[in-house]
Amino acid sequence: MAADDGNPKASIKAQSALGLFYSRDSEYRDLKKAFFWHSEACGNGSLESQGALGVMYMYGIGLKKDMDAAYICLKDASDRGNVYAMGNLVSYYYRLKLYTKAADLASKAFSLTLMSAPSFRTTRSMESSRASQDNEERGDGRA
C-alpha cells in the first residue's frame, strides 16, 4: 500500500487521503482508521492532516474531545499557513471570548484566501482592464 511503503515523502499524500476517506460519510466510514492515518501523515509533516486532527480533537470526532490537543494542532497548522486550521482556530478563540485574536486571525485567513484565489485575481484584473478601456473610449480618464 502506498501509504505504508516506507517512503514518507511519497506516502504523506496517501496517508492524508486515507484519513479523509475514512472520515467521509459513507459505508467505509471508520473514524479510528481516519485518526490513525491522519496521525501518521501528521507525523510525516502533513499540514492538511494536522488541521484535520485539530478538528477531530476540537469536536470529539472519533475520539474524546481534547481542547488542549485541538489548540496545539490547529495553532501549529495555522502557523504553517493552513487556512482551514486558521478558520477553526478562529472559532476556538471566539468560543473563549478572545475576540481580538479571533478577528486578527480571521483577517489573516481571509487575506491568504484572496491572494491564493486565481479566479479572483484574474476577474479583478479583467474588470480593471475593462473599466480602463471604457474610460478611454469615453475620454473621461476615470478608472
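Now for a description of the structure that goes with this document. (Residues numbered from 1 in each chain as written. Predicted model: local features only at pLDDT ≥ 70, side-chain atom pairs only at ≥ 80, totals over all residues. Heavy atoms only, no water.)

In terms of helices and strands, the protein carries 7 helices and 0 strands. Put simply, the protein runs from its N terminus to its C terminus through helices and strands in the order α-α-α-α-α-α-α. Split into buried and exposed, the 143 residues of the protein put 29% on the buried side. Across the protein, contacts joining residues at least 24 apart in sequence account for 35% of those joining residues at least 6 apart. Here the protein displays about 9,200 Å² of accessible surface, and carbon together with sulfur accounts for 55% of that area. (Helix = DSSP H or I, 4+ residues; strand = E, 2+ residues; numbered from the N terminus. Buried < 20%, exposed > 50% of the residue type's maximum accessible area, 1.4 Å probe, protein only. Contact = heavy atoms within 4.5 Å. Areas by Shrake-Rupley, 256 points an atom, 1.4 Å probe, with all protein chains shown as cover.)

Turning our attention to the side chain of Ser16. Among the secondary structure elements, Ser16 is positioned in helix H1 (residues 8-23). For Ser16, the residues in contact, after removing those within four places along its chain, are His38, Ala41, Ser46, Glu48 and Ser49.

So, on to the pattern of salt bridges. Tallying each qualifying case throughout the model produces 2 salt bridges. Here Arg29 and Asp25 are joined by a salt bridge, their closest N and O atoms 2.6 Å apart. You can call Asp25 exposed: its relative accessible area is 69%. Between Lys75 and Asp79 there is a salt bridge, and its shortest N-O distance comes to 2.9 Å. With Lys75 and Asp79 both in helix H4 (residues 67-79), this residue pair falls 4 residues apart, about one helical turn. Relative accessible area serves as the criterion here: at 26%, Lys75 is assigned to the partly exposed category. (Salt bridge = Lys/Arg side-chain N within 4 Å of Asp/Glu carboxyl O.)

In this section: the side chain of Ser49. Mapped onto the elements, Ser49 comes out in helix H3 (residues 47-59). Of the polar contacts made by the side chain of Ser49, one reaches the side chain of Ser16; its length is 2.8 Å. Once you skip the residues sitting within four places of it in the chain, Ser49 turns out to touch Ser16, His38, Ala41 and Cys42. (Polar contact = N/O pair within 3.5 Å; in protein donor to acceptor, adjacent residues only side chain to side chain.)

With that out of the way, let us pick up unusual backbone geometry. The phi angle at Lys97 is positive, at roughly 65°, despite the residue not being glycine. Secondary-structure assignment places Lys97 in the loop between helix H5 (83-95) and helix H6 (99-115).

Another aspect to go through is the nonpolar core. The tendency in soluble globular proteins is for nonpolar side chains to be buried as a group. One finds Leu74, Leu89, Tyr93 and Leu105 to be the most contacted residues of the largest nonpolar core, which totals 23 residues. Counting only elements with at least two residues in this core, the list comes to H1, helix H2 (31-43), H3, H4, H5 and H6. Dropping the residues within four chain positions of it, Tyr93 is found in contact with Tyr71, Lys75, Leu98, Lys101, Ala102 and Leu105. (Core = buried A, V, L, I, M, F, W, Y, C linked by side-chain atoms within 4.5 Å.)

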